[in-house]
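# Chains, contacts and geometry: an overview
So the chains spell out like this:
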Amino acid sequence: MTTSMPNNSSSNSSPGFFASRPWLWVVFAFVVLISAWSVLFYIALNNQPEVVPLQQLHS
């Protein structure tokens, strides 16, 4: 009598969707990077410091 596990080939034998397509992780990483930069530029452009007029020095 053997106590081996049954041969179940439902999802364990094939890799997952993202495991078989690693380039999707690269695309996802670039999308996250560009989104983060866009948010930072949006915040920076909407919160610019006040313009201070400079006085000219008379020599």
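It should be noted that the structure appears before, not after, this text.
Because the structure is predicted, anything quoted here is derived from the model rather than measured.

### Observations regarding the overall build of the chain
For the chain, the count of helices and strands is one helix and zero strands. Here the chain holds 59 residues, and the buried ones make up 2% of them.

### With respect to the packing of aromatic side chains
Within this structure, the stated rule accounts for four aromatic pairs. Ring geometry for Phe-18 versus Trp-25: centroids 5.2 Å apart, planes at 45 degrees, classification tilted. An aromatic cluster is present here, built from Phe-17, Phe-18, Trp-25 and Phe-28 joined pairwise through their rings.

### A few points about a nonpolar patch on the surface
A cluster of nonpolar side chains, contributed by Val-26, Phe-30, Leu-33, Ile-34, Trp-37, Leu-40, Phe-41 and Leu-45, occupies part of the molecular surface with about 880 Å² of accessible area. One can find Phe-30 in helix α1 (residues 23-46).

Basis of the calculations
- Residues numbered from 1 in each chain as written.
- Predicted model: local features only at pLDDT ≥ 70, side-chain atom pairs only at ≥ 80, totals over all residues.
- Heavy atoms only, no water.
- Helix = DSSP H or I, 4+ residues; strand = E, 2+ residues; numbered from the N terminus.
- Buried < 20%, exposed > 50% of the residue type's maximum accessible area, 1.4 Å probe, protein only.
- Phe/Tyr/Trp six-rings, centres within 6.5 Å; stacked < 30°, edge-to-face > 60°.
- Patch = residues over 30% accessible without salt bridge, like charges linked within 9 Å, V, L, I, M, F, W, Y side chains within 5 Å.
- Areas by Shrake-Rupley, 256 points an atom, 1.4 Å probe, with all protein chains shown as cover.
- Salt bridge = Lys/Arg side-chain N within 4 Å of Asp/Glu carboxyl O.

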